[in-house]
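These are the residues of each chain, in order.
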Amino acid sequence: MATPSFIDVTHHLSPETLARKGNPLKGLIDLTIDNPHLISLAKGDPHHTLYPIRRIDYEVASTASEDPVGEWRTLGSAAPTQVLSTSQDDSTQRLLNAALQYGHGAGIDAARRTVSAINSAYHTAPHHVVTMTLGNADAITKCLRMLGGPGDHFLGDEFTFAAMTIAAEAHGVTWVPVQIDAGGLIPEELERILANWDPARGRRPHVLYTVPCGQNPTGSTLSLERRKQIYAIAQRYDIIIMEDDPYYFLQYGAPPSAGAPTKKTFSTSFLSMDVDGRVVRIDSFSKIMAPGMRLGWITSSPAFHTHLVKLIDLSTLHPHGFGQLLITQLLSPGGWGMGGFDRWVRSLCADYERRRDLLVRLLARDVVATGWATAEVPEAGMFVWVRVALERHPRFVRSTDVEAAARQPEGSLRAARTNTATLMEELFDACVRGGIVVSPASMFVLTTDTRYDDLPTPIEDRSYYIRTTFAGSEETMEAGVPILGRVLNEFFTATPAP
Amino acid sequence: MTFILSDEVSQVDLSHHLSSEARMRRPNPMKAIWKLTRRKPNMVSLANGDPHFSLYPIRRIEYEMASVEEADPVAAWRQAGPSAASTKLVSSTYEPCALPLQTGLQYSHGAGLPDAQRVVTELTKFYHSPLDHMCTLALGNSDGIAKCFRLLGEPGDHFLADEFSFSSITNVPLSQGIKWASVKMDDGGIIPEDLEKVLTNWNPERGRRPHVLYIVPCGQNPTGSTLSVERRRQIYEISQRFDLMIIEDDPYYYLQYAPLSAPTTDFSTPFVPSLLSMDVDGRVLRVDSFSKIMAPGMRLGWITSSALFHEHLVTYTDGSTHHPHGFGQMLITELLSGPNGWQIEGFDRWVRSLRAEYHRRRALFLSLFEREVASTGFAHAAVPEAGMFVWIRVALEKHPRYRADLRHVPGANRQGPRTNGAALMDELFERCLDAGLVIMPASIFALPEEDKFADTEDPVQDRMNYLRATFAGTEEAMEQGLAILGQTLREFFASADPPKQLEL
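The present account deals with the structure reproduced in this document. None of these values were measured; they are calculated from a predicted model. (Residues numbered from 1 in each chain as written. Chains lettered and ligands numbered in written order. Predicted model: local features only at pLDDT ≥ 70, side-chain atom pairs only at ≥ 80, totals over all residues. Heavy atoms only, no water.)

**Topic: the overall build of chain B**
In plain terms, the rule: The helix and strand labels rest on DSSP assignments: H or I over at least four residues marks a helix, E over at least two residues marks a strand, and numbering proceeds from the N terminus. Throughout, the radius of gyration refers to the C-alpha atoms, and the reference size of a globule is 2.2 Å times the residue count to the power 0.38. Burial classification: accessible surface area is computed with a 1.4 Å probe over protein chains only, and a residue below 20% of its type maximum counts as buried, one above 50% as exposed, and the rest as partly exposed. By definition in these notes, contact holds between two residues if any of their heavy atoms fall within 4.5 Å.
Looking only at helices and strands, chain B has 14 helices and 17 strands in total. For 504 residues, the compact-globule estimate of 2.2 N^0.38 gives 23 Å, and chain B sits close to it at 25 Å. Per-residue burial over chain B gives 61% buried out of 504 residues. Long-range pairs, those at least 24 residues apart, make up 76% of the contacts in chain B with a sequence separation of at least 6.

**A short note on the overall build of chain A**
Threshold: Note on areas: Shrake-Rupley with a 1.4 Å probe; residue coverage comes only from the protein chains shown. Charge assignment in this entry is limited to Lys and Arg as positive and Asp and Glu as negative, and neither His nor the chain termini are counted. Charge positions are represented by NZ for Lys, CZ for Arg, CG for Asp and CD for Glu.
In terms of helices and strands, chain A carries 15 helices and 17 strands. Over its C-alpha atoms, taken along the principal directions, chain A stretches across nearly 80 × 60 × 40 Å. Buried positions account for 63% of the 498 residues belonging to chain A. Contacts in chain A between residues far apart in sequence, at least 24 positions, make up 76% of those at least 6 positions apart. Summed over its atoms, the accessible surface of chain A is roughly 17,800 Å², and 54% of this surface lies on carbon and sulfur atoms. Within chain A, the 55 negative side-chain charges are centred at a point lying 1 Å from the centre of the 46 positive side-chain charges.

**Topic: helix α14 (residues 420-434) of chain A**
For an α-helix, the turn length of 3.6 residues means that residues three or four places apart are oriented alike. Here is the rule: To estimate how far a helix should reach, multiply one less than its number of residues by 1.5 Å.
Between its first and last C-alpha atoms α14 of chain A spans 21 Å; for 15 residues at 1.5 Å apiece the expected length is 21 Å, and the two agree. Taken together, the buried positions of α14 of chain A are occupied by T420, L423, M424, L427, F428, A430, C431 and V432 of chain A. In this structure, the buried residues of α14 of chain A make contact with β14 (383-388), β15 (436-437), β16 (439-440), β17 (465-469) and α15 (474-493) of chain A together with α2 (29-37) of chain B.

**Here we look at the pairing of strand β12 (residues 296-300) of chain A**
All names here are of chain A. For clarity, the cut-off: Two strands are said to pair when DSSP picks up at least two bridges between them.
Of all 5 residues in β12, 5 are buried; the element is thus mostly enclosed. Both faces of β12 are covered, namely the face carrying G296, I298 and S300 and the face carrying W297 and T299. In terms of strand pairing, strand β11 (residues 279-284) meets β12 through 4 bridges, oriented antiparallel. The partner of I282 across the bridge, within β12, is I298.

**Examining the packing of helix α5 (residues 114-128) of chain B against helix α11 (residues 326-337) of chain B**
Residues and elements named next belong to chain B. Definition in use: Axis geometry follows a simple rule: fit a line to the C-alpha atoms, using only the stretch in contact for helices, then measure angles between N-to-C directions, giving values from 0 to 180 degrees. Under this scheme an angle from 65 to 115 degrees is roughly perpendicular, one under 35 degrees roughly parallel, and one over 145 degrees roughly antiparallel; angles in between are oblique. Helix crossings are classified by the rotation of the near helix relative to the far one: an anticlockwise turn of less than a right angle makes the crossing left-handed, while a clockwise turn makes it right-handed. We call Asp, Glu, Lys and Arg charged. Ala, Val, Leu, Ile, Met, Phe, Trp, Tyr, Cys and Pro are nonpolar, and the rest, Gly among them, are polar.
It is at 9 Å that the axes of α5 and α11 come closest, and there the two elements cross at 50°. With respect to α11, the axis of α5 lies oblique. The handedness of the crossing between α5 and α11 comes out as left-handed. Counted together, D115, A116, R118, V119, V120 and L123 of α5 and Q329, I332, T333, L336 and S337 of α11 form the full contact between these two elements. Residue composition of the contact of α5 with α11, by class: 6 nonpolar, 3 polar and 2 charged.

**Some points on the interface of chain A and chain B**
This is how it is decided: Two parts placed together each lose some accessible area under a 1.4 Å probe, and adding up what both lose gives the buried area. Put simply, a salt bridge is a Lys or Arg side-chain nitrogen that is within 4 Å of an Asp or Glu carboxyl oxygen. Think of a polar contact as two N or O atoms within 3.5 Å of one another; within protein, one of them needs to be a possible hydrogen donor and the other a possible acceptor, and neighboring residues in sequence only count if both atoms come from side chains.
Each partner contributes residues to the interface: chain A has 110 residues there, and chain B has 112 residues. Approximately 9,100 Å² of surface area, both sides summed, lies buried where chain A meets chain B, with 64% of it carried by carbon and sulfur atoms. At the surface where chain A touches chain B, the tally comes to 7 salt bridges. Between E21 of chain B and R145 of chain A there is a salt bridge; the shortest N-O distance is 2.8 Å. At the junction of chain A with chain B, the criterion picks out 43 residue pairs in polar contact (both at pLDDT 80 or more). At 9 residues, strand β2 (residues 53-61) of chain A tops the list of elements feeding residues into the side of chain A that touches chain B. Within the side of chain A that touches chain B, the residues separate by chemical class into 62 nonpolar, 29 polar and 19 charged.

**Points about the sheet that holds strand β10 (residues 245-249) of chain B**
All names here are of chain B. Taken in spatial order, the 7 strands make up an open sheet running β4-β12-β11-β10-β9-β5-β6, and their pairing is mixed. In this open sheet, the two strands that pair with only one neighbour each are β4 (134-138) and β6 (179-183). If you compare each strand with its neighbour and ignore which way they point, the axes differ by 25° on average. In terms of strand pairing, strand β5 (residues 158-162) meets strand β9 (residues 212-215) through 2 bridges, oriented parallel. Bridged to L160 within β9 is L213. Set on the sheet, helix α10 (residues 307-318) makes contact with β4, β10, β11 (284-289) and β12 (301-305); between it and β4 the angle comes to about 25°.

**Considering the sheet that holds strand β10 (residues 240-244) of chain A**
Residue and element names in this part refer to chain A. Read across the sheet, 7 strands follow the order β4-β12-β11-β10-β9-β5-β6 without closing on themselves; strand pairing throughout is mixed. Only two strands of the sheet have a single neighbouring strand rather than two, namely β4 (129-133) and β6 (174-178). On average, adjacent strands in this sheet sit at an angle of 20° to one another, irrespective of strand direction. Pairing of β4 with β12, which is carried by 5 bridges, proceeds in the antiparallel orientation. Across the sheet, the residue bridging to T133 is G296, located in β12. Along the sheet, helix α9 (residues 224-237) contacts β9 (207-210), β10 and β11; its crossing angle with β10, the most-contacted strand, is approximately 145°.

See below:
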């Protein structure tokens, strides 16, 4: 295979990464693995005859039918299953022991081959390599450590999954929000920020963190055209793209109102267009199998892989054998195979699409019908981003520039001009009193440095959204949405608070 | 100094030990929301994007495990092989079990699922009776310790450790800007007087006086030493006086052996009290793991600490690895509290039986060593009181090319090593490799310390004449490996001329 022209990534690595020396013991361990003829008195690994585990059986759904998820849900305990067994007593012994012993930081070969096969089935990335992880949070925070140090500025969607962005702030990274609309990150905004970067702020941002399908929290999905534009900008300004894609398989295509029957095709990932080796893609089994699996993988250039493995070897070590064993067995011909996996994720997607449609119908009936809110139909993911028409609230206030500026700390260019934040807090409290919990937009705001014009308008003035999910049960949605509708009605029409 | 055991944890405020990173870390905003979902009995949540458990494609997991009904379960397990008695632990969506699958495979709290946290808490109480501590699940020792380093270490900090330490751990914090200050050891482990000396004589030019001690008290890696109760008390008392946090890394806790002369380590032989069990101030962070006593691939362990550090560990876990995998949590919950599980009593039989097994291996190793290596007169093995390793001293001073006059060579570094021991050991290591043996040289374990503050009276480079060998492997590996070592030593000590391919 021809060597691709992947970029040199050294200048993207954090000072900590550059300072990280390899684990010296590892060199010797690798020596023993690569030279099995050598007698080793080196490693203090318990012998596998002392593992008290003889066999691990996973009873899993069958994917023989065309709609395995539908069948699994509707048949319940009568649904067909198969048992994936790994044991000391048969030919699976090698796999079991490989999974139960200390191994290579990137994960056991069998698991890496499995996720590489998933990559090959859905993406085009023949020169990228995979590193096993403990799920999205683990993968993202490791990438953030690999790339970001004190003084760095990273780019992110203005509403984003804050739990992750907070993690980077703890090690000195400042975030720069990029405005998004119903179609996700706006490429022109991204370019504007980079082209006008004030060097006094520090090094120009070199990392973009984005969730391209079913963005959390807005539910937007980046079109192919936008992805190409964003990739071109990344090339022009030498940006690393962290593609966090947990909802990749939950893509519903055009909304039902579009007329033509939707064809479930998965969009082209940033990974698939990554000629430069500047995309670090993060996948996880959490949303498509179970969150407690704590297993996923990172796909990246070999250069990033090397640094990730060094970090892994000096922190968590490789992931647990149980999960690696499960996915290996599951996707092998004796399990679901790649065909069964595909049927599972497609039927899962169809199941979420039905849930989405239910939530959208309920919202239309009970919430949008009040006239106080609207909602876009998401093309992917698990969330509906409900827009509250706060500007029509009797106590909504929009102040003049002078008034707003007077209220802000010195040096702020971009003052909030409305009382959106206050009203949304009231609304959230009213929801809780009414018996429903939703996720208010404020939870997802990427902290802005108000001294700069990263956003064309203050985000506090646009935080009039609530994130709702259709990942729960139908009963939950049927119970919750009417409450939301009632609360909204009361909120907008009740007499003013004292 | 007397040791006072109190029924109440003293009110020592240790929050000043937290790193800036730990202090700066904001909690996950979703947590506040989650708490609200429990406020009223009928709260409906449209908040969290958690896949419904009816969509998990797994219905049941069965772990077939060793039975611990036998008096000596490890021996029975090994000897009977496929026909050994076993027990089946089940986590399922539809059968009675301690931790049903639909709960086990959800997202959960950073500390771990309540049931799993409960069982490790009970296990910790059983062995250590900590005063007022909490357990946080982790992904094994390496993960637990790495998290503690992030919690406590500021760039420029110096942490204290044995001068020969497990470098897979001591390398972890270097890239964070944390440096090490080494403390001397002898056959009994870290020397408390030297610990005190390092702290008392701390040169402020080096930075803040060390506030963290990293220690492996049982079967120290690599030297195999175990700290006596008396030394532990002295170390704890010094830690109180100099306000140190102690990271107690104890993967070999259960592998504490009777003397070599004893035919076995009786089940009734007690375990040495841990530093955790003496922790009246809440300054011990104890890290436990299932790796050595069950299987390394489990990637599961826990950290026991005061409530303050537990909270910070949970916040950090939520912003990094998240809680451990459901598979491991379900396994240990079923194992320690489930209908077919071992329960704590069975776990105790397993670990005591495992201890006896390693006692046997230790005896085998040392008798082979006597026959193949000690007989050459060129090496001597210390008898480890715990763990999986033997620390072998090579009598380099008997080597024809050994020199102790390096500082007097014209142009030599007067502060540098006095001997050429380090280079000779490199040669020995290469010879072993050429002869087909991989064995760990001491140099791999020497704690990295800044040259300008290194001990010039007694440089560690002059004390590198050790090898670490394990008795955890197969008997064949021990027999063949030690035979090669003996032979290689003979050849090495007979070589008056340096080998052509190596430069000394």
